[in-house]
Amino acid sequence: MDLSLYMPEWLVTHGPAFLIVLPLLMAAITAVFPGRKLAWWTTTFVTLILVLSAVALAQFELANGMDVYQMGGWAPPHGISLKIDALSAPVLVLISAMALVTMIYAMPATLAEIEPKKRAPYYAAFLLCIAGLLGMVVTEDAFNVFVFLEVSSISTYVLVALGSSRDRRALVSAYNYLILGSIGATFFVIGIGFLYMETGTLNMADMARILTELNGGSRVSMVAFGFIIVGLGLKLAMFPLHTWLPGAYAYAPTQVTAFLASTATKAALYLLLRFTFFIFSPDFAYVDAVLVFLIFGLGIVGMIFASLQAIFQTDARRMLAYSSVGQVGYMLLGIGIATTASLSAAYLHLINHAVIKGGLFLALGAMWYRFGITRVDDFRGLSKTMPWTMGAFTLCGFSLIGVPFTAGFVSKVALAQSAAAGGYWWAVGFIMVSSILAVIYVGRVLMVAYFRSPPEIDGKPCVKNEAPLRMLVPMWAMALLSIAVGMNIFGASDILVGASERAASLLTGTTFPGTGG
Amino acid sequence: MIDLMNINPGLWIILAGLICALFPKTDGTHYIRKVFLIAAPIFAGWLIFQMHSVEPEYIRGVLNFGGIELTTLRIDGLSLVWGYLFCLAGLINGIYGLHEKCRITDSSALIYTGAAVAGVLAGDMITLFIFWELTAISSVFLVWKGGEHAYAAGLRYLAIHVFSGVLLLAGAVMVAQSRGGDFTFNFIGLNTPGGWLMMIAMGIKCGFPLLHNWMQDAYPKASITGTVILASFTTKFAIYALARGFEGVDILIWIGAIMTCFPVFFAVVENDLRRVLAYSLNNQLGFMVCGIGIGGALAMNGVVGQVFVHVIFKGLLFMSIGAVMYRTGTAKASELGGLFRSMPFTAVLCLIGAGSIAAFPLLAAFVTKAMILAAALEEHLWVPFAMMLFASAGVMEHSGIKVPHFTFFAHDSGRRVKEAPWNMLVAMSLAGLLCIVLAWPWGGYELLYSLMPFEMEAYKPYTWDHVVFQLQLLFAAIFAFTLLKRFGVYPAERRAEIIDSDWLYRRLGLNVALWTSAMWDRLNFQVNRLTKRSLGQVGQKLYQMFSPAGTMSEAAPSGLPAVLVAGTLLVTLIVIYVLGT
Amino acid sequence: MSKDSANPEVQEHAAEDIHPAAKPFLFLVGSTFKRNFLWIPLVGILITTILGVMHPLKHPAPWDVIPGSWAVFGFLAYSFIVFMARPLFKLLSRDESYYGEGGLPDPYVSAEGHSETNPETSDKSGDKS
């Protein structure tokens, strides 16, 4: 179904701006709403519109391609421009779709987690976060990226801190995140500054052109690149810079965790791709060195170490958070190899992992909602007390491991194949080892949930207490989606693989061998 | 809608297992499970027969899956033998377990059997991998059913087997890569690193030296029926994969020869008879691996025949020791003895099994083992031949003499128990009968020959020289046993844990891990103390310099991440400057 | 064995007397048979060695020039394995609760009556160290 045919003309023309302006505007309005119901309805409605328009724009882009959108009619080098292309369109769809999915879940969850007074501002902050993320992805202006990065980050700090009514540790985590996030943003903006010094422009396309003319530029652009990599590395939780992530994921409100886990680091990864391959280019010796030695190396180290750390966590949400760091390692590995196939695999894993982790965190959230549990030891007998939730968790967990016929398998095999084809056949071994570690940390939860009997309360075994439908629907949507991708039902796998191959060929400037599916 | 002829027969056994698993667990329902347990292997065997009679090279169930072509069903000469064999073994095991009322054992036995059948009938490496893992996951429950002391062994078993599957998949991907995306499972060879990975994966599953520990670890700890079932499938599945993928790979000759010899020494000192049998199993697998390494029609037919009779006589031995254990509660040689007074039928059947494994004329292995040995001689592989001959004497020692002697004869332990239950006797008799039939000189072993996949001039086992020299070896072994026993040189059985190379991870590795973790904790503590102290000093200075109110130094964020950020930047810049220019 | 009569697990499988089918074969463990059993394999070796000279191997190994070579080989191999048992046992044997994975000693009632085979005591020592 091609949604773009049903959309009004102006949406196609002004779509890129609409995606940012709508949530920004509605955030301001939602913040002053009196009732939480109205705020929820508005936010959900806004995310629904965002999903529809993002899908429509992506489809339009796929069919016709899109021009650069000029804000206020100012031409690129001086004005701010926005652009939707094969690289950004899927990420836009992903962000808006995850926002909608978690919003459906949020209705019962926020009731339990957020104080009544703070609910409307909570939704406003959520909208701001969406606006920031969408803006980061859609903008063509390097400084604008920083602005939107800060918009999303600051609203995220607020969202994480709002978890304090559930767990006071959220405050410390939010504070840590704030400090490190600010350091990251500062590094990033320093990098942009250096880059401006070198090229005299802030427009990405211009920067790329000038850097190519200068053949990589002087030391200034080298330093700029270093700062940008570290700044973005912090945001995307590259291995040694991930320390903010477990706390933030573990103590944020459950909806926020699910949303952040599936979008925030992904948007930062998108920026890494954009900066490394568009503005800079792997043709520059220093970019190539960073890709091979740093991104690839840290990817592998992260894959193993973070997975090991995940095994030893007692809190299930921290475990998944460390697993996220490990999974980012996979994507970095794909990026580091920097062939079209590996980039495509990394991009595919980015999307698949967002779906899987979203589903897993939603399931964990539902468990907390019903029983107030987050520790793995407390999951005893959950297969009996919450069979449907545990079912979704199991499916997503299998997908995270990479069991055949799940989304995780598709992208891991693609990654392994591209690594072998790229000459890094030993990296296949690391992928396998890390998958075994995933078997252990997911299996640990499943063993407790399936093979131990439910705890007894006052001498009676705990009775069945399934999550409400509004929680089950989103998490099962994610679980089934991951299965659909794994088994190529409704061509789900073909669509995603096609999209990531397009994105990858855009990045390397080649046509993908055998593009079709 | 569903075409029976297009679906891998193993899947029906798996389906039966799933039905059993979901069947309500009330009194009396175990009869229905038992019906499935008997009927499913028969049905699958019948299906394989039907399919094979359509055409000799039966390939169906081709699925295209994300650009990978899967062949989910392939029945040719090689896989046919294993298909029949596993169905037969499933049937015998089903009869043997009739007295048990355990839902987990029944359903996991069915799923495990089905996965093994489906695995050998798989035509591509991805399907093979899936069932490879499924055999591991479904069978671990049989280990865990052995009781509390089997839990850790089960975990190790699972971990090792899942790891083997992962290696298999990694190897398969790499092999397919080198062939341009062709995942068909045929000869692989060792030309690619992927081939090595796949061979190691198979080596783990069929107990290559130093990769064998899971077998002697898990099998003796499983439940009584569990051990019998476990011993039938996993390793033989791996032998199938080796025979398919690595026929005539020279290194396997030596691996196999070593594999026949080393378990002999462990078997002679081991007290737990089920563990003795596990070592003996490992030694038998050595013959097969060696045969695969030699390659050629004679050796390969020998391997195929050896696998077929091996499952039957090894099952018979495990079943008879299992029956003894069922009645007496133990399988330790030091605790048993003189049991033929109580269990005469079991004793006779055990002797048939022992005679078969030792390759007495008229009993099963006499025909097939000779084929492998003859192939080694024809190739003039003297040293491997001598090693296998030595191992044959060893087989006679531990399986042929030690197991029946210390269980049923030797000194009387004073245990007076009932004869084995009827269903066990039926299952054992069936196996015992097959042991005799498949080596019967007048028309019996030709039955076995009719299954053998490779064209060749029929090997004649009952020649004067073969019978006579085999008897020389066996008589000499018995003579040595009686002589050594008479002079008291033969060591008495004593209760002990015999350590094998798994000591390296069960003891040494564990202790190293514990020590490292303890040291890590200490280090962390010290580092924390030091950083606190030094940060505290810095903080005090900052306090003195900047903030008389003293609030700033208190609120400093955890410093480590910030240091990490700075460090990463430094490393990045070094990479850029040093490597990038 | 009076102490195990209370254990229903043992009781269920216990039998009163020697199985009737086994009674005719009790001579197998009689001292006469045991003493003279040695001759059976010895005669077997002699006969097969003579037959072996008459029907030599079709594919002889280099060492098959000795008459009765397989008998010699079998005797030496078997004796070697048995003689290795003692040093190997010394080298490799540990206490049954060595790995301490719980639930060990197998039989409910030991025929040896060693104290360490008592389930209660060794369960404790067999627990995680």
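Remember, predicted model here, so these are calculated numbers, not experimental data.

Calculation criteria
- Residues numbered from 1 in each chain as written.
- Chains lettered and ligands numbered in written order.
- Predicted model: local features only at pLDDT ≥ 70, side-chain atom pairs only at ≥ 80, totals over all residues.
- Heavy atoms only, no water.
- Helix = DSSP H or I, 4+ residues; strand = E, 2+ residues; numbered from the N terminus.
- Expected span 1.5 Å × (residues − 1).
- Buried < 20%, exposed > 50% of the residue type's maximum accessible area, 1.4 Å probe, protein only.
- Contact = heavy atoms within 4.5 Å.
- Buried area = accessible area lost by both parts, 1.4 Å probe.
- Salt bridge = Lys/Arg side-chain N within 4 Å of Asp/Glu carboxyl O.
- Polar contact = N/O pair within 3.5 Å; in protein donor to acceptor, adjacent residues only side chain to side chain.
- Pairing = 2+ DSSP bridges.
- Core = buried A, V, L, I, M, F, W, Y, C linked by side-chain atoms within 4.5 Å.
- Nonpolar A, V, L, I, M, F, W, Y, C, P; charged D, E, K, R; others polar.
- Bend = angle between axes of the 7 residues up to and from the residue.
- Phe/Tyr/Trp six-rings, centres within 6.5 Å; stacked < 30°, edge-to-face > 60°.
- Lys NZ or Arg CZ within 6 Å of the ring centre and 35° of its normal.
- pLDDT = per-residue confidence, 0-100.

Draft legend 1. Inspection of helix 13 (residues 344-357) of chain B at higher detail. Residues and elements named next belong to chain B. Taking 1.5 Å of rise per residue, 14 residues should cover 20 Å, and helix 13 covers 20 Å from first to last C-alpha, within 8% of that figure. Counting buried positions along helix 13 gives 11 out of 14 residues, so the element sits mostly inside the fold. Buried residues of helix 13: Pro-344, Thr-346, Ala-347, Leu-349, Cys-350, Ile-352, Gly-353, Ala-354, Gly-355, Ser-356 and Ile-357, and no others. Of the surrounding elements, those touching the buried residues of helix 13 are helix 11 (273-294), helix 12 (296-328), helix 14 (365-378), helix 15 (382-408) and helix 16 (422-437).

Draft legend 2. Seen up close, unusual backbone geometry. Even without glycine at this site, Ala-237 of chain A takes up a positive phi of about 60°. Among the secondary structure elements, Ala-237 of chain A is positioned in the loop between helix 8 (219-235) and helix 9 (244-251). With a phi close to 60°, His-380 of chain B is a non-glycine residue in the positive phi region. Of note, His-380 of chain B is situated in the loop between helix 14 and helix 15.

Draft legend 3. Molecular detail of the interface of chain C and chain B. At the junction of the two partners, chain C supplies 73 residues and chain B supplies 77 residues. It is Trp-70, Tyr-78 and Tyr-99 of chain C that lose the most area in chain C upon contact with chain B, and together they represent 12% of the buried surface on that side. There are two salt bridges connecting chain C and chain B. The partner of Glu-96 of chain C in a salt bridge is Lys-332 of chain B, with the nearest N and O atoms 3.0 Å apart. Inspection of the region where chain C meets chain B yields 15 residue pairs in polar contact (both at pLDDT 80 or more). Looking at the side of chain C that touches chain B, the elements with two or more residues in it are helix 1 (8-13), helix 2 (31-36), helix 3 (39-54), helix 4 (69-92) and strand 1 (93-94) of chain C. Broken down by element, the residue count for the side of chain C that touches chain B peaks at 19 residues, all from helix 4 of chain C. For strand 3 (residues 497-498) of chain B and strand 1 of chain C, the ladder comprises two bridges, and the chain directions are antiparallel. Looking at strand 1 of chain C, one finds that Ile-498 of chain B is bridged to Ser-93 of chain C.

Draft legend 4. Summary view of the environment of His-78 of chain A. Position of His-78 of chain A among the secondary structure elements: in the loop between strand 1 (69-70) and strand 2 (81-82). A sequence separation of 125 residues divides His-78 of chain A from Asn-203 of chain A, and the C-alpha atoms of the two residues are 7.8 Å apart.

Draft legend 5. How the structure looks around the nonpolar core. One finds Trp-82, Ile-239, Leu-242, Phe-246 and Leu-252 of chain B to be the most contacted residues of the largest nonpolar core, which totals 213 residues. Ignoring any residue separated from it by four or fewer positions in sequence, one finds Leu-242 of chain B in contact with Met-199, Met-202, Cys-206, Phe-208, Glu-247, Leu-252, Val-289 and Ile-292 of chain B. In terms of nonpolar packing, the next biggest core, distinct from the first, is built from 182 residues, Leu-94, Ala-237, Phe-275 and Val-287 of chain A among them.

Draft legend 6. Expanded view of the interface of chain A and chain B. Tallying the contact residues gives 37 residues for chain A and 34 residues for chain B. For the pairing of chain A and chain B, the buried interface totals around 3200 Å² over both sides, and the portion due to carbon and sulfur atoms is 86%. Looking at the side of chain A facing chain B, the largest losses of area belong to Met-222, Gln-417 and Met-432 of chain A, adding up to 14% of the total buried there. Linking chain A with chain B are zero residue pairs in polar contact (both at pLDDT 80 or more). Elements represented by at least two residues in the side of chain A that touches chain B include exactly helix 6 (169-199), helix 8, helix 11 (285-311), helix 16 (407-421), helix 17 (425-451) and helix 18 (469-487) of chain A. Looking at the side of chain A that touches chain B, the element that brings in the most residues is helix 8 of chain A, giving nine residues. Here the side of chain A that touches chain B is composed, by residue class, of 31 nonpolar, five polar and one charged.

Draft legend 7. Layout of helix 12 of chain B. The end-to-end C-alpha separation of helix 12 of chain B is 46 Å, in line with the 48 Å expected for 33 residues at 1.5 Å each. When the local axis directions of helix 12 of chain B are compared, the greatest deviation, roughly 30°, occurs at His-310 of chain B.

Draft legend 8. Representation of the pairing of strand 2 (residues 68-75) of chain B. All names here are of chain B. The buried count for strand 2 comes to seven of eight residues, which makes it a mostly enclosed element. Where strand 1 (residues 58-65) meets strand 2, seven bridges bridge the pair, whose relative direction is antiparallel. Its bridge partner lying in strand 2, Ile-59 is registered against Arg-74.

Draft legend 9. Structural view of the packing of aromatic side chains. Throughout the structure, instances matching the rule amount to 48 aromatic pairs over all chains. Relative to Tyr-151 of chain B, the ring of Trp-144 of chain B lies with its centre 5.9 Å away and its plane at 25°, an arrangement referred to as stacked. One aromatic cluster in this structure is built from Phe-225, Phe-280, Phe-284 and Tyr-286 of chain A. Above the face of the Tyr-58 of chain B ring, Arg-60 of chain B is positioned so that its terminal group lies 4.3 Å from the ring centre. Across the ring face of Tyr-99 of chain C, the terminal group of Arg-506 of chain B is positioned such that the distance to the ring centre comes to 3.6 Å.

Draft legend 10. Structural detail: the confidence of the model for chain B. In the predicted model, chain B carries a mean pLDDT of 87, and the fraction of residues at 70 or more is 96%. For the stretch residues 545-556 of chain B, pLDDT sits under 50, and the model shows eight contacts to residues farther than four places along the chain or on other chains.

Draft legend 11. Quick look at the side chain of Asp-217 of chain B. Residues and elements named next belong to chain B. Checked against the element boundaries, Asp-217 lands in helix 8 (residues 213-218). Classification of Asp-217 by relative accessible area gives buried; the value is 2%. Here the side chain of Asp-217 touches Arg-156 through a polar contact of 2.6 Å, side chain to side chain. Other than its neighbours up to four places away in sequence, Asp-217 contacts Ala-153, Arg-156, Asp-502 and Arg-506.

Draft legend 12. Seen up close, the confidence of the model for chain C. All names here are of chain C. Looking at chain C, pLDDT values average 74 and 72% of them are 70 or higher. Taken together, the stretch residues 113-129 has pLDDT below 50 and engages in 17 contacts with residues farther than four places along the chain or on a different chain. This complex was scored by the predictor with a pTM of 0.63 and an ipTM of 0.80.

Draft legend 13. Structural view of the pattern of salt bridges. Inspection of the entire model under this criterion finds 26 salt bridges over all chains. Arg-502 of chain A serves as the salt-bridge partner of Glu-61 of chain A, at 3.3 Å between the closest nitrogen and oxygen. Placement of Glu-61 of chain A in helix 2 (residues 36-64) and of Arg-502 of chain A in helix 19 (residues 492-508) is noted, with a sequence separation of 441 residues between them. Judged by relative accessible area, Glu-61 of chain A falls into the buried class, the value being 7%. Take Arg-502 of chain A: its relative accessible area is 29%, and that puts it in the partly exposed class. Salt bridges linked by common partners bring Arg-156, Asp-217, Lys-221, Asp-502 and Arg-506 of chain B together as one network.

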